[in-house]
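# Descriptive analysis of the structure
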Amino acid sequence: MPLRLLLDSADPVAWAEWLPSGLFHGVTTNPTLLLRAARPCRLEELERLTREALDWGMQEIHLQAWGGDADSLAACGTALGALAPERVLVKLPITRGGAEAARCLIDSGVPVTFTACYAVPQVMVAAALGARYIAPYLGRISDLGRDGHADLIAMQQALDGVGGSTRLLVASLRQPTDLTRLAAAGVDCFTLAPLV
């Protein structure tokens, strides 16, 4: 599959700087990025954000669902997915509640990106459920004292081994060489902060 880059930001200044470059397939956001960009994490604001992303020509926008249990995550995810069907991907944590919500969303045609991935078995759960992406956090895995690059390469090999459609979407890159090293090992989807 071709290399796919996403911009990890909700900042309109960063969007104006980077999205016209043609490098990015889409954008990824979360409540922390919204807060940094002084954008409230409310459905109305996320609808505006989605329209802006589509106006910039983005093929995907990844929006984080919120809620205390699987039912509320699924309800929030349904509302987010309705903002732009097939273009909005709902981000869910790779937890039991997130997996239950994902099953409901995927069955109703809403694409899902799992987040907070730290281990190969979590990648297998995402593949079994048919998630579009699973996002391991390279920097955070390395912060735990592990070899983050080796862990992500093992995740990619596991996905390649099962032959499903789930793609690894590497997040929490700290430097450009993280991308080149992982790309050389067959990883092809990355979400990049503007500074990287």
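Below or above, wherever it landed, is the structure these notes cover. (Residues numbered from 1 in each chain as written. Predicted model: local features only at pLDDT ≥ 70, side-chain atom pairs only at ≥ 80, totals over all residues. Heavy atoms only, no water.)

Further remarks concern the side chain of Arg167. Checked against the element boundaries, Arg167 lands in strand E7 (residues 167-168). Here Arg167 falls in the buried class, since its relative accessible area comes to 9%. Within the structure, Arg167 has its side chain in polar contact with the backbone oxygen of Pro2 (distance 3.1 Å). Setting aside its immediate chain neighbours within four residues, Arg167 contacts Met1, Pro2, Arg4, Arg132, Tyr133, Ile134, Leu159, Asp188 and Cys189. (Helix = DSSP H or I, 4+ residues; strand = E, 2+ residues; numbered from the N terminus. Buried < 20%, exposed > 50% of the residue type's maximum accessible area, 1.4 Å probe, protein only. Polar contact = N/O pair within 3.5 Å; in protein donor to acceptor, adjacent residues only side chain to side chain. Contact = heavy atoms within 4.5 Å.)

Using the criterion set out here, one finds one aromatic pair in the structure. Pairing Tyr118 with Tyr137 gives two aromatic rings, centres 5.8 Å apart and planes at 90°, and the pair type is edge-to-face. Linking Tyr118 in the loop between strand E5 (112-117) and helix H6 (120-129) with Tyr137 in the loop between strand E6 (133-136) and helix H7 (138-143), this pair joins segments that are 19 residues apart in sequence. The class of Tyr118 is partly exposed, set by a relative accessible area of 24%. One residue, Arg39, lies across the ring of Trp15, its end atom 5.8 Å from the ring centre. (Phe/Tyr/Trp six-rings, centres within 6.5 Å; stacked < 30°, edge-to-face > 60°. Lys NZ or Arg CZ within 6 Å of the ring centre and 35° of its normal.)

Let us now look at the nonpolar core. Membership of the largest hydrophobic core comes to 53 residues, with the highest contact counts inside it found for Leu92, Phe114 and Phe190. Contact partners of Phe190, with chain neighbours within four places excluded, come to Leu3, Arg4, Leu5, Leu6, Leu169, Val170, Leu173, Leu179, Leu182 and Ala183. Counting six residues, the second largest nonpolar core, distinct from the first, contains Leu6, Leu89, Tyr133 and Cys189. (Core = buried A, V, L, I, M, F, W, Y, C linked by side-chain atoms within 4.5 Å.)

A few words on the pairing of strand E8 (residues 189-192). Burial along E8 is two-sided: Cys189 and Thr191 and Phe190 and Leu192, pointing in opposite directions, are all buried. Alignment of strand E1 (residues 4-8) against E8, held across four bridges, turns out to be parallel. Within E8, the position partnered with Arg4 by the bridge is Cys189. (Pairing = 2+ DSSP bridges.)

Attention now goes to the pattern of salt bridges. Per the counting criterion, the structure on display carries 12 salt bridges. Linking Arg167 and Asp188 is a salt bridge whose minimum nitrogen-to-oxygen distance equals 3.1 Å. Here Arg167 is found in strand E7, whereas its partner Asp188 is found in the loop between helix H9 (176-184) and E8, with 21 residues between them in sequence. Like Arg167, the residue Asp188 is buried in the burial classification. (Salt bridge = Lys/Arg side-chain N within 4 Å of Asp/Glu carboxyl O.)

Attention now moves to the state of the cysteines. Here, disulfide denotes a covalent bond that connects the sulfur atoms of two cysteines. Within the structure shown, the criterion is met by zero disulfides. Counting only cysteine sulfurs, Cys76 is the nearest neighbor of Cys104, a cysteine outside any disulfide, at a range of 12 Å. Given a relative accessible area of 40%, Cys104 falls into the partly exposed group. Counting only cysteine sulfurs, Cys117 is the nearest neighbor of Cys189, a cysteine outside any disulfide, at a range of 14 Å. (Disulfide = S-S within 2.5 Å.)

Let us look at the side chain of Gln64. Here Gln64 is to be found in strand E3 (residues 60-64). Within polar-contact distance, the side chain of Gln64 engages the backbone oxygen of Lys91 at 3.3 Å. Non-local contacts of Gln64, meaning those with residues more than four positions away in its chain, are made with Thr29, Asn30, Pro31, Leu80, Lys91, Leu92, Pro93 and Thr115.

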